[in-house]
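One letter stands for each residue in the lines below.
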Amino acid sequence: MNRTDAKPRQRPYAIAVGGGKGGVGKSVVALNLALAMTKLGARVTLVDADLGSANLHTMLGIDHPGATLQALFDGRARELSEVSIATGFPNLRLVPGS
């Protein structure tokens, strides 16, 4: 039973979107799910974990994302927040892949 008087979930949680081969729509699903969640009032950080041909930044209209997830792995960034960027959509941030 869905309750409308229930307090919103306060803990952060992760949702993974994955699939086999490229071109099946993982990025489209992930981005649309993230946008739908922001419209429900959630603060969302979308992480593009593709280190070979990342494209979520392009789908969001960001030409040059700057520091990427690779910087975190290489030690050039110490925290995820250092590579998280604003997207132009309220409550949605992006950690771009490389």
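Please refer to the structure placed before this passage.
To keep things clear, this report deals only with the structure shown in the data block. None of these values were measured; they are calculated from a predicted model.

1. Side note on the nonpolar core
General note: in soluble globular proteins, nonpolar side chains tend to be found buried as a group.
Then step 1. By size, the foremost hydrophobic cluster in this structure holds 13 residues, and its most contacted members are Leu-31, Leu-46, Leu-60, Leu-92 and Leu-94.
Then step 2. Contributions of two or more residues to this core are made by helix H1 (26-39), strand E1 (44-47) and strand E3 (92-95).
Then step 3. Considering every element that reaches this core, the biggest residue donor is H1, with 5 residues.
Then step 4. Residues contacting Leu-60, with those up to four places away along its chain left out, are Leu-31, Thr-87, Phe-89, Leu-92 and Leu-94.

2. Comments concerning the side chain of Thr-68
Then step 1. Within the secondary structure layout, Thr-68 lies in the loop between helix H2 (56-59) and helix H3 (69-74).
Then step 2. For Thr-68, the residues in contact, after removing those within four places along its chain, are Val-83, Pro-96, Gly-97 and Ser-98.

Basis of the calculations
- Residues numbered from 1 in each chain as written.
- Predicted model: local features only at pLDDT ≥ 70, side-chain atom pairs only at ≥ 80, totals over all residues.
- Heavy atoms only, no water.
- Core = buried A, V, L, I, M, F, W, Y, C linked by side-chain atoms within 4.5 Å.
- Buried < 20%, exposed > 50% of the residue type's maximum accessible area, 1.4 Å probe, protein only.
- Helix = DSSP H or I, 4+ residues; strand = E, 2+ residues; numbered from the N terminus.
- Contact = heavy atoms within 4.5 Å.

Note that all results are geometric; they support no functional claim without further evidence.
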